[in-house]
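Chain and residue survey
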Amino acid sequence: ARLYMIKELTRIVETKTVEDTWAALSQELSRLGFDRLFYGYTRFRTKNGLGSKDDMLVLTTHTDKYIQDFFDREMYLNAPMTKWAAENDGIMSWSYLKNNAHTFTPAEMDVIEYNKLHGITSGYTISFSDRSKRQKGALALTPRERMSQAEVDMLWDETGAEINLLAQVAHLKISTLPFPSDRRRLSKRQREVLEWVGDGKTMQDIATIMGLTVATVEKHLRKAREALGVDTTAQAVMKASVQKQIFVTDI
């Protein structure tokens, strides 16, 4: 068992893309009894919430029919376990739902009923401890259908430590990789001007270094802000950096 765990952890650590990391993790968690997973991670959390949906990384093994409403209609924002994960780090049994039902809002109860319609009634949530307040990642694990929470709790007693270790390593790996994104990638010129701004150069400095006019440099910065969906150049530098679009040797 120890050698098998070392093999699986090595497999996750050596993955090169988010997709490969997720494939390795979901395969192992399915083997351990949890075949329906929902992972969310943002690097752009705000004081008032999880930030823009467009800036979130969401990975799931749930059906498209379930995800269509749960994510596209932002039902996840009212999911009790999402709210718990946003405020806490650690592991929580979904017995939390039964024990705290009297405290839930109508919107939260709607999500619980929606989950019941899709056979999602028991499970566990892991809320990861991230290094920045702007970051938050969590993983919701649902077992095979028709397992009661009591049965899931017994399963977790047997495999929870192994599951948590695999999930923690996978999350750390994903946090080092570029996000798959529907946003436009920065052009070579846009990346270059943002890198020079990040190095503290002025518009005139950058124009001289790159052999461009100041107006052209400003145009590249404007296009970069638009591509990244931000309002200021400082925000663009920060977002491009955490998305691994600048200060890298190979894109």
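Below you will find a few notes about this structure. (Residues numbered from 1 in each chain as written. Predicted model: local features only at pLDDT ≥ 70, side-chain atom pairs only at ≥ 80, totals over all residues. Heavy atoms only, no water.)

Examined against the element boundaries, Asp-20 turns out to sit in helix 2 (residues 18–31). Along the backbone, Asp-20 and Ile-174 are 154 residues apart, and their C-alpha atoms lie at a distance of 9.7 Å. (Helix = DSSP H or I, 4+ residues; strand = E, 2+ residues; numbered from the N terminus.)

Two side chains carrying opposite charge are able to pair once their charged atoms lie near each other. According to the stated counting rule, one finds 11 salt bridges in the structure shown. With a closest N to O distance of 2.8 Å, Asp-89 and Lys-136 form a salt bridge. On the criterion of sequence distance, the pair formed by Asp-89 in the loop between helix 4 (80–87) and strand 3 (90–93) and Lys-136 in strand 5 (residues 136–142) is long-range, its members being 47 residues apart. Under the relative-accessibility criterion, Asp-89 is labelled partly exposed at 48%. Connected through salt bridges with shared partners, the residues Glu-28, Arg-31 and Glu-162 form a single ionic network. (Salt bridge = Lys/Arg side-chain N within 4 Å of Asp/Glu carboxyl O. Buried < 20%, exposed > 50% of the residue type's maximum accessible area, 1.4 Å probe, protein only.)

A word on the pairing of strand 5. For strand 5, a buried count of seven out of seven residues is recorded, marking the element as mostly surrounded by other parts of the structure. Of the two faces of strand 5, the one holding Lys-136, Ala-138, Ala-140 and Thr-142 and the one holding Gly-137, Leu-139 and Leu-141 are both buried throughout. By the bridge criterion, seven bridges tie strand 1 (residues 36–42) to strand 5 in an arrangement that is antiparallel. When the sheet's bridge partners are listed, Gly-40 is paired in strand 5 with Ala-138. Both strand 4 (residues 124–127) and strand 5 contribute to a ladder of four bridges, which runs antiparallel. Each bridged residue has a counterpart across the sheet, and for Thr-125 the counterpart in strand 5 is Ala-140. (Pairing = 2+ DSSP bridges.)

Moving on, we get to the sheet that holds strand 2 (residues 56–60). Read from one edge to the other, the open sheet built from five strands follows the order 2-1-5-4-3, with strand pairing classed as antiparallel. Bordering the open sheet on either side are strand 2 and strand 3, each of which pairs with just one other strand. Strand-to-strand, the axes of this sheet are offset by a mean angle of 10 degrees, without reference to chain direction. (Axes fitted to C-alpha atoms, helices over the stretch in contact; angles between N-to-C directions.)

Time to look at helix 2. At 3.6 residues per turn, the α-helix brings residues three or four places apart onto the same side. Taking 1.5 Å of rise per residue, the 14 residues of helix 2 would be expected to cover 20 Å, and the 20 Å separating its terminal C-alpha atoms lies within 8% of that figure. Where helix 2 is concerned, the buried positions are Val-18, Thr-21, Trp-22, Ala-24, Leu-25, Ser-26, Glu-28 and Leu-29. Contacts from the buried residues of helix 2 go to helix 1 (2–13), strand 1, strand 2, strand 5 and helix 7 (149–174). (Expected span 1.5 Å × (residues − 1). Contact = heavy atoms within 4.5 Å.)

Counting residues in hydrophobic clusters, the biggest one holds 31 residues, and the most contacted among them are Leu-29, Phe-34, Tyr-39, Leu-57, Leu-139, Leu-141 and Leu-166. Those elements that provide at least two residues to this core are helix 1, helix 2, strand 1, strand 2, strand 4, strand 5 and helix 7. Of the residues forming this core, the biggest block, nine residues, is contributed by helix 7. Excluding anything up to four places from it in sequence, Leu-141 contacts Leu-29, Phe-34, Arg-36, Leu-37, Trp-94, Ser-122, Gly-123, Tyr-124, Ile-126, Trp-156 and Ile-163. Among the nonpolar cores identified, the runner-up in size contains 23 residues, and Leu-50, Met-81, Trp-84 and Ala-85 belong to it. (Core = buried A, V, L, I, M, F, W, Y, C linked by side-chain atoms within 4.5 Å.)

Take the packing of aromatic side chains next. How two aromatic rings sit relative to each other is given by the distance of their centres and the angle of their planes. Across all of its chains, the model carries nine aromatic pairs by this definition. Note on Phe-38 and Phe-70: the rings are 5.3 Å apart at their centroids and 85 degrees apart in plane angle, and the pair reads as edge-to-face. Taken together, the positions of Phe-38 in strand 1 and Phe-70 in helix 3 (residues 64–72) put the pair 32 residues apart, joining distant regions of the chain. In terms of burial, Phe-38 and Phe-70 fall into one category: buried. Taking 5.1 Å as the distance between ring centres and 20 degrees as the angle between the ring planes, the aromatic pair formed by Tyr-66 and Phe-70 counts as stacked. In this pair, Tyr-66 and Phe-70 both sit in helix 3, four residues apart, roughly one turn of the helix. For Tyr-66, a relative accessible area of 4% corresponds to the buried category. These aromatic residues form a ring-pair network of at least three members: Phe-38, Tyr-66, Phe-70 and Tyr-114. Across from the ring centre of Phe-71, 5.6 Å away, lies the NZ or CZ of Lys-53, which sits over that ring. The ring of Phe-44 is capped by Lys-239, whose NZ or CZ atom sits 4.7 Å from the centre of that ring. (Phe/Tyr/Trp six-rings, centres within 6.5 Å; stacked < 30°, edge-to-face > 60°. Lys NZ or Arg CZ within 6 Å of the ring centre and 35° of its normal.)

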